[in-house]
Amino acid sequence: MSEMWMPPHSARQWQLSDFSVVYTMWAVMMVAMMLPSAVPMIKAFNKSCRQRYGDDTSFSTLFSSAYLLIWFVFSIVLTLLQWQLHSLQWLSGMMENTNTFLTAGILTTAGVYQFTALKNACLQHCRSPFSFLLNAWQNGKWGAFNMGLIHGSTCVGCCWAQMLLMFAVGVMNITAMVLLTLFILLEKNFPANEPRFSQVTGVILCLWGGLILL
């Protein structure tokens, strides 16, 4: 995509087609990176629907669609952020980071966020599918859709800072995208009350951000 499309340097020069290209890129990336980590929750939801309704297809479709809708909305935020970064010339035409302070700031922000209460609460939600279903169950198809929205919003709360890392390492860096996807999968599959993996990662990110400034 970066070889076929070059972003305008000025924010005023961006056309609807430019926003469409960037948004499509982020939306596809969000599906590829986040849907695998949602599989345990979707499977648990499917099982509950079969027990309650005898059929899980339509309910699971609504739940999954609502989950992805939240990430599609978040992709709008990422698109607008990229628009501004290109305007500031902090991203190159190949969508690579050109600003050391931006890289350090993103890494440090992501590292510090690993220690926050909000991150921990959202992560516990993602690690405990059956606990979420027991405490937040809503009947009917609208309930399934609403539960998907809740899960998607909590998932964004857990992973938004990690998504920003793509701006630090290169938006089109496929290797980084794969590694980040694997990290998210690993983090969400630890026991619910196990904070050490996230905390160690937070320390590494903060140190990485600090070293870049040296």
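Residues numbered from 1 in each chain as written. Predicted model: local features only at pLDDT ≥ 70, side-chain atom pairs only at ≥ 80, totals over all residues. Heavy atoms only, no water.

**Here's the deal with the state of the cysteines**
Scanning the model with the defined rule gives zero disulfides in all. Counting only cysteine sulfurs, C126 is the nearest neighbor of C49, a cysteine outside any disulfide, at a range of 18 Å. Classification of C49 as buried rests on a relative accessible area of 0%. Since its relative accessible area comes to 9%, C126 is described here as buried. (Disulfide = S-S within 2.5 Å. Buried < 20%, exposed > 50% of the residue type's maximum accessible area, 1.4 Å probe, protein only.)

**Quick look at the packing of helix α1 (residues 16-53) against helix α2 (residues 57-87)**
For the pair α1 and α2, interaxial distance at closest approach is 7 Å and the crossing angle is 155°. Comparing the axis directions of α1 and α2 gives the class roughly antiparallel. When you trace α1 past α2, the crossing you get is right-handed. For the contact of α1 with α2, the per-class residue count stands at 27 nonpolar, seven polar and no charged. (Axes fitted to C-alpha atoms, helices over the stretch in contact; angles between N-to-C directions. Helix = DSSP H or I, 4+ residues; strand = E, 2+ residues; numbered from the N terminus. Parallel < 35°, antiparallel > 145°, perpendicular 65-115°, else oblique. Left-handed = near helix turned anticlockwise from the far one by under 90°. Nonpolar A, V, L, I, M, F, W, Y, C, P; charged D, E, K, R; others polar.)

**Details of the packing of α1 against helix α7 (residues 174-188)**
Viewed as axis vectors pointing N to C, α1 and α7 meet at an angle of 25°, and their least axial separation amounts to 8 Å. If you check the angle between α1 and α7, you find them roughly parallel. Where α1 crosses over α7, the two elements pack in a sense that is right-handed. Residues M29, A32, M33, M34, P36 and S37 of α1 form the contact with α7, whose participating residues are M177, L180, T181, I184, L185 and K188. (Contact = heavy atoms within 4.5 Å.)

**A closer look at the pattern of salt bridges**
Considering all chains together, one arrives at two salt bridges under this definition. As a salt-bridge pair, E187 and K119 come within 3.1 Å of each other at their nearest N and O atoms. Of the two residues, E187 sits in helix α7 while K119 sits in helix α4 (residues 117-127), which places them 68 residues apart along the sequence. Among the ionic pairs, E194 bridges to R196, the shortest N-O distance being 2.8 Å. (Salt bridge = Lys/Arg side-chain N within 4 Å of Asp/Glu carboxyl O.)

**Quick look at the environment of H151**
Along the chain, H151 falls in helix α6 (residues 140-169). H151 sits in the buried class, given a relative accessible area of 3%. When the C-alpha atoms of H151 and A38 are compared, they prove to be 9.0 Å apart, with 113 residues separating the residues in sequence. Beyond its immediate sequence surroundings of up to four residues, H151 is in contact with A38, M41, F63, Y67, H125, C126 and F132.

**Here we look at the packing of aromatic side chains**
Centre distance and the angle of the planes are the two values used to describe a pair of aromatic rings. Taken as a whole and assessed by the stated rule, the structure comprises eleven aromatic pairs. Note on F190 and F197: the rings are 4.8 Å apart at their centroids and 15° apart in plane angle, and the pair reads as stacked. Ring pairing ties together the aromatic residues W14, F19 and W83, which thus form one cluster. In this structure, R52 packs its charged tip against the face of W137, placed 4.2 Å from the ring centre. (Phe/Tyr/Trp six-rings, centres within 6.5 Å; stacked < 30°, edge-to-face > 60°. Lys NZ or Arg CZ within 6 Å of the ring centre and 35° of its normal.)

**Some points on a nonpolar patch on the surface**
A cluster of nonpolar side chains, namely L69, V73, I76 and L80, defines an oily patch on the protein surface of about 320 Å² accessible area. Mapped onto the secondary structure, I76 falls in helix α2. Judged by its relative accessible area of 43%, I76 is partly exposed. (Patch = residues over 30% accessible without salt bridge, like charges linked within 9 Å, V, L, I, M, F, W, Y side chains within 5 Å. Areas by Shrake-Rupley, 256 points an atom, 1.4 Å probe, with all protein chains shown as cover.)

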